[in-house]
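# Commentary on secondary and tertiary structure
Chain by chain, the residues:
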Amino acid sequence: MGMSVTISAATEQDAEQIFRLQYLCFQSEAALYGNYRIDPLVQTLDSVRGEVAADCVFVARLGEEVVGSVRGSVTEDGAAAIGKLCVHPRLQGHGIGARLLRAAEAALTEQRGAKRFRLEAGHRSEGNLRLYRKVGYEAVGTSKGADGVPMVVLEKPAGAYATTA
């Protein structure tokens, strides 16, 4: 590949590319559950813009193209909620998702005082669950998404990001 993928904080100008990428990437999740009303597919562009402005959002870029993104925010209990991690299908399996997670975890710890990280993955989403376990997350419970999809809740302590692969 002639260019390398870079990870950086998202800007307001990235919102539309994040929105489009998210729609593309979550099609496979929707198909897996037979549910095309999952949150990443029904989220509005204005809502994505709001998250970019308020939350800790990182993007992976290949040149000018946004090819991955992740979002996080710190909740009242000191946990950082991480979500909507996505990498363009043509670039999956190259460590970009793990790099995005590390960037978000570092920023959420250093800039926003996160004590631990929490994320959710669909119970059938084996590829996602495998990635999260590989980078140190452990299942701590289950929940049900607003769309009715059964979710696995995973956590890991803040500070563990520096040692994950």
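Scroll up to find the structure.
The following paragraphs examine the structure supplied in this document. (Residues numbered from 1 in each chain as written. Predicted model: local features only at pLDDT ≥ 70, side-chain atom pairs only at ≥ 80, totals over all residues. Heavy atoms only, no water.)

We now examine the pattern of salt bridges. Considering all chains together, one arrives at 12 salt bridges under this definition. A salt bridge links K84 to E51; its shortest N-O distance comes to 3.5 Å. Note that K84 is positioned in strand β4 (residues 79–87) and E51 in helix α4 (residues 45–54), a separation of 33 residues in sequence. On the basis of relative accessibility, which here comes to 17%, the residue E51 falls in the buried class. As a salt-bridge pair, D77 and R118 come within 3.3 Å of each other at their nearest N and O atoms. With D77 in the loop between β3 (65–74) and β4 and R118 in strand β5 (residues 116–122), the pair connects residues that are 41 residues apart, well separated along the chain. The exposure class assigned to R118 is partly exposed, which follows from its relative accessible area of 23%. Residues participating in the shared-partner salt-bridge network are D39, E51, R71 and K84. (Salt bridge = Lys/Arg side-chain N within 4 Å of Asp/Glu carboxyl O. Helix = DSSP H or I, 4+ residues; strand = E, 2+ residues; numbered from the N terminus. Buried < 20%, exposed > 50% of the residue type's maximum accessible area, 1.4 Å probe, protein only.)

The next subject is the layout of surface pockets. Taken as a whole, the largest pocket encloses approximately 1200 Å³ of empty space. Surrounding the largest pocket, 46 residues form its lining, F26, K84, L85, N128 and Y132 being those nearest its centre. Ranked by residue count, the leading element in the lining of the largest pocket is β4, at 7 residues. Among the residues making up the lining of the largest pocket, the classes are represented as 22 nonpolar, 13 polar and 11 charged. (1 Å grid on protein atoms, 1.4 Å probe; cavity = no way out; pocket = protein on both sides within 12 Å on 5 of 7 lines; lining within 4 Å. Points joined across faces, edges and corners; volume = space filled by probe spheres on them. Nonpolar A, V, L, I, M, F, W, Y, C, P; charged D, E, K, R; others polar.)

This brings us to the packing of aromatic side chains. According to the stated counting rule, one finds 1 aromatic pair in the structure shown. When the ring of Y132 is compared with that of Y137, the centres are 6.1 Å apart and the planes differ by 65°; the resulting orientation is edge-to-face. For the pair shown, Y132 and Y137 are each scored as buried. (Phe/Tyr/Trp six-rings, centres within 6.5 Å; stacked < 30°, edge-to-face > 60°.)

These values are about where atoms sit, not about what they do.
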